[in-house]
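# Secondary and tertiary structure notes
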Amino acid sequence: MEDHTVQEDRRDESREPLGVAVIGFGWMGRVHTQAYARVLHHFPGLTVRPRLVAVADEVPGRAEEDAARFGFASAVHDWRAVVADPRVRAVSVTVPNFLHREIGTALAAAGKHVWMEKPVGLSCADARTVADAVAAADVQGAVGFNYRCAPAVEAARDLIASGSLGTVTHARFRLFSDYAADPDAALTWRYERERGGSGVLGDLASHGVDLARHLLGDIDRLTADTAVFVPLRSRPPGATAGHARSAGGEPGPVENEDYVGCLLRFASGARGVLEACRVSVGEQNNYGFAVHGTRGSVFWDFRRMNELGVSGGPSRQDQPVARVFTGPGHGVYGAFQPGAANAMGYDDLKVVEAYRFLRSVAEGVPHGATLTDAVHSAAALDAMARSAAEGTWVDVRVPG
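Notes on the structure in this doc start here. The shown structure was predicted, so the numbers you read here are calculated from the model rather than taken from an experiment.

### Focus: helix 6 (residues 124–137)
The first and last C-alpha atoms of helix 6 sit 20 Å apart over 14 residues, in line with the 20 Å expected at 1.5 Å per residue. Buried within helix 6 we find Cys124, Asp126, Ala127, Arg128, Val130, Ala131 and Val134. At its buried positions, helix 6 is contacted by helix 5 (100–109), strand 6 (141–143) and helix 11 (371–390). Positive backbone phi, at 60 degrees, marks Asp138, one or two positions downstream of helix 6.

Here is the structure:
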């Protein structure tokens, strides 16, 4: 019998090498890089082999440090060097929102495939521009809506589509976190209109909109309210990563919203509620949904990512809720664990994203969340901002 290692070496040699780069190396850049490193472990049928060619970051020393740590062939400070690098065919873009449009369109024009973190720019117009550039260049584009990749979410979507819940009547989507609850959290680009655009809308509500649309279809109309609860923060003395604190620095105004509450009307006729907040004391990654139909309901909590609450049956009234553990029959679960109730985690979802992005590149057809999905999400976010400013119901307008 041939040694397993030899078999794997031959399989690896048969895969087409694909030069990849990462632009922006904060926490999310690291997660993307680790996903590239792990993807073939979980999806050995993939016909391309990602090769870490370049990392770009403008913070002095960061690119060099991360190139050495993760095994990139080269480190650069200017993202334009990645655009010009002929070795690079696919790029992860994990920089602040204001750079998405310029970098995304430049990469597409250079014939490079793009995996970009949401919300893809400062507005729906930005997202549309990047999506159009990717389409015109005939390259693949993916967006980081990772929560839809959870096997439990995929199981919920199948349950809804099968009609097991009957006709969906209403749903609630929540995204509560405390990462900005401390008033000493540094006044980074996330809190500025020019560089971050929206606040919790682009950061958390974009995920909520994608989950809502992924599960229940397009959103037609909505009305929203927003608020800033921590109006002043301290400017950091230097480069930051993640959600660093910066007590005692020069104070500056928070220019975008901490909170959004929204009522939704879906094209199907279902109603929905979406709420997101980045300053919710006592809440750490409290993300989830509840979907109700005429015959049943389904519930998901990201903090118990591998479980679903499911209610179904003939009684409707006083009907119990069963706890269902995801297993190898649900989505891509079997690529990670051999039996039900073995936990998957956040980083695993990014491995799923990496797989679907690389498979899109290999096959020339999209798999997973696309830039078109980012456009639809951004259209709803723009509508929320417009509704909050006007104090009325507004239509969700998706540009053609």
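### Description of helix 5
Within helix 5, burial applies to His100, Ile103, Gly104, Leu107 and Ala108. One face of helix 5 carries all of its buried residues, which in axial projection span an arc of 130 degrees. Residues of helix 5 that are buried make contact with strand 1 (16–23), helix 4 (79–84), strand 4 (90–93), strand 5 (113–116) and helix 6.

### Side note on the sheet that holds strand 2 (residues 48–56)
Reading across the sheet, the 6 strands line up as 3-2-1-4-5-6 and stay open at both edges, with parallel pairing between neighbours. The sheet is open, and its two borders are formed by strand 3 (74–76) and strand 6, each paired with just one other strand. For this sheet, the mean inter-axis angle between neighbouring strands, taken without regard to orientation, is 25 degrees. Together, strand 1, strand 2, strand 4 and strand 5 form the strand contacts of helix 2 (residues 27–42), whose direction differs from that of strand 2 by roughly 155 degrees. Seen against the sheet, helix 10 (residues 346–363) touches strand 1, strand 2, strand 4, strand 5 and strand 6 and runs at an angle of roughly 160 degrees to strand 5.

### Quick look at the packing of aromatic side chains
Geometrically, a pair of aromatic rings is defined through the distance of the ring centres and the angle of the planes. Enumeration over the complete set of coordinates arrives at 16 aromatic pairs. Where Tyr147 meets Phe302, the ring centres are 5.1 Å apart and the plane angle is 80 degrees; that geometry is what we call edge-to-face. Highlighted residues: Tyr147 in the loop between strand 6 and helix 7 (151–161) and Phe302 in the loop between strand 14 (296–301) and strand 15 (307–312), separated in sequence by 155 residues. Each member of the pair, Tyr147 as well as Phe302, carries the same accessibility label: buried. Arranged with centres 5.9 Å apart and planes meeting at 20 degrees, the rings of Tyr287 and Phe302 form a pair that is stacked. With Tyr287 in strand 13 (residues 286–293) and Phe302 in the loop between strand 14 and strand 15, this pair connects stretches of sequence that are 15 residues apart. In terms of burial, Tyr287 and Phe302 fall into one category: buried.

The rules behind the values
- Residues numbered from 1 in each chain as written.
- Predicted model: local features only at pLDDT ≥ 70, side-chain atom pairs only at ≥ 80, totals over all residues.
- Heavy atoms only, no water.
- Helix = DSSP H or I, 4+ residues; strand = E, 2+ residues; numbered from the N terminus.
- Expected span 1.5 Å × (residues − 1).
- Buried < 20%, exposed > 50% of the residue type's maximum accessible area, 1.4 Å probe, protein only.
- Contact = heavy atoms within 4.5 Å.
- Arc of directions from axis to C-beta.
- Pairing = 2+ DSSP bridges.
- Axes fitted to C-alpha atoms, helices over the stretch in contact; angles between N-to-C directions.
- Phe/Tyr/Trp six-rings, centres within 6.5 Å; stacked < 30°, edge-to-face > 60°.

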